[in-house]
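# Reading the structure
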Amino acid sequence: MGIADLPRKISTLSLRHRYRDIEIPLLVVSGADDTLTSTCDSLELAVDAPNAQLVLYADDDHCAMGHAEHWSATSTRFLREHLA
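For every chain, the first residue of the written sequence is number 1, and numbering continues from 1 along that sequence. Totals for whole chains, interfaces and linings use all residues, but because this is a predicted model, local features are given only for residues with pLDDT of at least 70 and pairs of side-chain atoms are given and counted only at 80 or more. Based on all heavy atoms of the structure, the side-chain values leave hydrogens and waters out of the count.

## A short note on the side chain of Asp60
- Along the polypeptide, Asp60 turns up in the loop between strand E2 (52-57) and helix H3 (68-83).
- Only protein chains enter the area calculation, which uses a 1.4 Å probe; residues under 20% of their type maximum are buried, those over 50% are exposed, and those in between are partly exposed. Counting rule applied: Lys, Arg positive; Asp, Glu negative; His and chain ends not counted. Throughout this description, the term salt bridge denotes a Lys or Arg side-chain nitrogen within 4 Å of a carboxyl oxygen of Asp or Glu. Buried and unpaired, Asp60 has Arg77 as its nearest opposite-charge partner, separated by 15 Å.
- Of the polar contacts made by the side chain of Asp60, one reaches the side chain of His67; its length is 2.7 Å. Numbering of helices and strands runs from the N terminus; a helix is a DSSP stretch of H or I covering at least four residues, while a strand is a stretch of E covering at least two. Here a polar contact is recorded for every N or O atom pair within 3.5 Å, except that within protein the pair must consist of a potential hydrogen donor and a potential acceptor, and residues adjacent in sequence are included only if both atoms are side-chain atoms.

Set out below in structure tokens:
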């Protein structure tokens, strides 16, 4: 295996085909301007997982840290709703 085979090998590690199998409620928080991971990954997860909720911040980066106070409150409500 050479370096040219690496993208193909990495793609086999994807769990996208299993998103529909996630049975628990899922909160996906992301910044639309994420510089570490593709925003498409968050969108695909939120669309394909049956019980997912997406919170996407248009003007934020990875983990939406500029909106941490807001998504922290949203996460708390989410957890209370689904764990209570």
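Structure's up, so let's keep going.
## Re the state of the cysteines
- Pairs of cysteine sulfur atoms within 2.5 Å are identified as disulfides in what follows. Applying the stated rule across the entire model yields 0 disulfides.
- Cys40 carries a free sulfur, and the closest cysteine sulfur to it, the one in Cys63, is 17 Å from it.

## Here's the deal with the pattern of salt bridges
- Under the definition given, this model contains 4 salt bridges.
- Counted as one network, the salt bridges with shared partners bring together Arg16, Asp41 and Glu44.

## With respect to unusual backbone geometry
- For Cys63, which is not glycine, the phi dihedral falls at a positive 65°.
- Residue placement: Cys63 occurs in the loop between E2 and H3.
- One non-glycine residue, Ala64, lies in positive phi territory at about 50°.
- Note on placement: Ala64 falls in the loop between E2 and H3.
- Judged by relative accessible area, which is 0%, Ala64 ranks as buried.

## A few points about the pairing of E2
- One bridge is not enough; two strands pair if DSSP finds at least two bridges between them. Pairing of strand E1 (residues 26-31) with E2 involves 6 bridges; the strand directions are parallel. Residue Leu26 lies in a different strand from E2, and its bridge partner there is Ala52.
- With helix H2 (residues 39-48) bridging E1 and its parallel neighbour E2, the resulting β-α-β unit is right-handed. We call a crossover right-handed when, viewed with both strands directed away from the observer, the connection leading from the first strand over the helix to the second proceeds clockwise.

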